[in-house]
Amino acid sequence: MTLSGADDEPVRAALEAGEPLAGRGGFAGAIDGTLVRDVLGRYPLFYERDEPSRWSHDRTDLDTPRRLPAGHVHDGDECREWITLPEFEPTGGVDSVRAAVDEAVGRVDDTDLAIAFSGGLDSAILAARLDAPLYTVGFPGSHDIEAARSAAALLDADLRVMELEPADLEDALPAVVDTTGRTNAMDIEIALPIFVLARRVRGDGFDRLALGQGADELFGGYKKVAQASGDPRVSADTVRGARREMVETLPNQLERDVLALRAAGVEPVVPLLDNVVVEAALSLPGELLVNHRGERKWALRLAARRWLPDQVVFREKKAVQYGSLVARELDRLARQHGFKRRRDDHIRLYIESECL
């Protein structure tokens, strides 16, 4: 087992030069006897707590797994940070974003590929540019299913809808907890629909799934970024500073999602986390992340007008756990099993009772 995500030589050169965005995307693994993980943590990597020479991309392969943090190396004796996310001057614009997305998505091989599609901007960019079927998941009547149907009709695209039942969540829950090692409500609410959809995609014969991950973090998609100066959920008081805080959450999120997808049998494809897109996004001024009217992901929306109708470009989207209604149904399952909302963390307690 060696390096995943990149060839040895570019990564070796990046390590020597302290280059944080070398090559196209993420990497993790062993090079010259040293464990290494890229600055955004696009590939998970774990090592045995008392025997760092034993490592894996899958935490379940190890007895006492410890994650290698993004931007860190482990030489067998110590774990240390080798690079941090750089600061870019705010000189970028819509044209540079459009060119970067065009390049990144254009490099994707759509053979044996499906697309996770919610009807929102990020997945619609992939749907418009790649020749692959679209898959959406949610409970009947959910926002994501309705939005996906509407957007797919506008794009004249092949959409395959997976309508969930509570039993689907109960069936998938142990596998998601086991592979991610997590039991908190939010992580499980996000990982469950991803896992269930990926398992359906794999059952239909596809072994790769394209997702729009990273766009919200990179392009200012969160309300707390737009309201940075007065939102207690972020430390920064500027849009660019709050956006950086969101980007720094990506390693934790991507680990969860990649582990869930691989456990379901598919390999994730994430063009909007290609280094050319990352650099273009990090170079945007604050007013192209959130415009003067408070509209988020502004530069990405303007760039996407080349490929998408305005009804899709300017559509607001709910987070997957809410848009799919998985959060609602997991809460309902917890209460049905006797874990009432008056108890702190009642969903986590339910999950742990079922899986640990």
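Note: the structure precedes this text.
Every value quoted in this text rests on a predicted model; they were computed, and no experiment measured them.

## Describing the nonpolar core
Link 1 in the chain: Core analysis: the biggest nonpolar cluster contains 69 residues, and Val97, Val101, Phe219 and Leu308 have the highest contact counts within it.
Link 2 in the chain: Not counting the four nearest positions on each side in its chain, Phe219 is found in contact with Val97, Val277, Ala281, Leu284, Leu289, Lys297 and Leu300.
Link 3 in the chain: Grouped together as the second largest cluster of nonpolar side chains are 39 residues, Leu169, Leu197, Leu325 and Ala334 included.

## Brief notes about the sheet that holds strand β4 (residues 51-56)
Link 1 in the chain: The strand order β4-β3-β5 describes an open sheet built from three strands, whose pairing is antiparallel. Of all strands in the sheet, those bounded by a partner on one side alone are β4 and β5 (65-67). For this sheet, the mean angle separating the axes of adjacent strands, direction not counted, is 40°.
Link 2 in the chain: Across three bridges, the pairing between strand β3 (residues 46-48) and β4 is antiparallel. When the sheet's bridge partners are listed, Phe46 is paired in β4 with Ser56.

## Observations concerning helix α16 (residues 346-355)
Link 1 in the chain: His346, Ile347, Tyr350 and Ile351 are the residues of α16 that are buried. Buried residues in α16, looked at end-on, bunch into an arc of 140°, giving them a common side.
Link 2 in the chain: In this structure, the buried residues of α16 make contact with α5 (166-180), α6 (185-203) and α15 (326-336).

## Comments concerning the pairing of strand β1 (residues 28-31)
Link 1 in the chain: Relative to strand β2 (residues 34-37), β1 is paired through four bridges, and the arrangement is antiparallel. By the bridge assignment for β2, Gly29 is matched with Val36.
Link 2 in the chain: As consecutive antiparallel partners, β1 and β2 are separated by two residues, and within that stretch Asp32 has a phi angle of approximately 55°, a positive value.

## Some details on the packing of α5 against α6
Link 1 in the chain: Viewed as axis vectors pointing N to C, α5 and α6 meet at an angle of 105°, and their least axial separation amounts to 9 Å. For the element pair α5 / α6, the angle class is roughly perpendicular. Within the contact between the two elements, α5 uses Asp168, Leu169, Asp171, Ala172, Leu173, Ala175, Val176, Val177 and Thr180 and α6 uses Ile188, Ala191, Leu192, Phe195, Val196 and Arg199.
Link 2 in the chain: Classifying every residue of the contact of α5 with α6 gives 11 nonpolar, one polar and three charged.

## Observations concerning the packing of aromatic side chains
Link 1 in the chain: According to the stated counting rule, one finds three aromatic pairs in the structure shown.
Link 2 in the chain: Taking the centre distance of 6.2 Å and the plane angle of 75° together, the rings of Tyr135 and Phe206 count as edge-to-face. Pair noted here: Tyr135 is in strand β9 (residues 134-138) and Phe206 is in the loop between α6 and β11 (208-210), with a separation of 71 residues, a long-range link.
Link 3 in the chain: You can call Tyr135 buried: its relative accessible area is 1%.

## A few points about the layout of surface pockets
Link 1 in the chain: In this structure, the second largest pocket occupies an estimated 680 Å³ of space.
Link 2 in the chain: Arg24, Gly25, Gly26, Tyr43 and Val270 are, among the 29 residues lining the second largest pocket, the residues nearest its centre.
Link 3 in the chain: Listed by contribution, the elements that provide at least two residues to the lining of the second largest pocket are α1 (8-17), α10 (250-263) and β12 (267-269).
Link 4 in the chain: Examining the composition of the lining of the second largest pocket, we find that four residues originate from one element, α10, more than from any other.
Link 5 in the chain: Taken together, the residues of the lining of the second largest pocket break down into 16 nonpolar, five polar and eight charged.

Rules used in this analysis
- Residues numbered from 1 in each chain as written.
- Predicted model: local features only at pLDDT ≥ 70, side-chain atom pairs only at ≥ 80, totals over all residues.
- Heavy atoms only, no water.
- Core = buried A, V, L, I, M, F, W, Y, C linked by side-chain atoms within 4.5 Å.
- Buried < 20%, exposed > 50% of the residue type's maximum accessible area, 1.4 Å probe, protein only.
- Contact = heavy atoms within 4.5 Å.
- Pairing = 2+ DSSP bridges.
- Helix = DSSP H or I, 4+ residues; strand = E, 2+ residues; numbered from the N terminus.
- Axes fitted to C-alpha atoms, helices over the stretch in contact; angles between N-to-C directions.
- Arc of directions from axis to C-beta.
- Parallel < 35°, antiparallel > 145°, perpendicular 65-115°, else oblique.
- Nonpolar A, V, L, I, M, F, W, Y, C, P; charged D, E, K, R; others polar.
- Phe/Tyr/Trp six-rings, centres within 6.5 Å; stacked < 30°, edge-to-face > 60°.
- 1 Å grid on protein atoms, 1.4 Å probe; cavity = no way out; pocket = protein on both sides within 12 Å on 5 of 7 lines; lining within 4 Å.
- Points joined across faces, edges and corners; volume = space filled by probe spheres on them.

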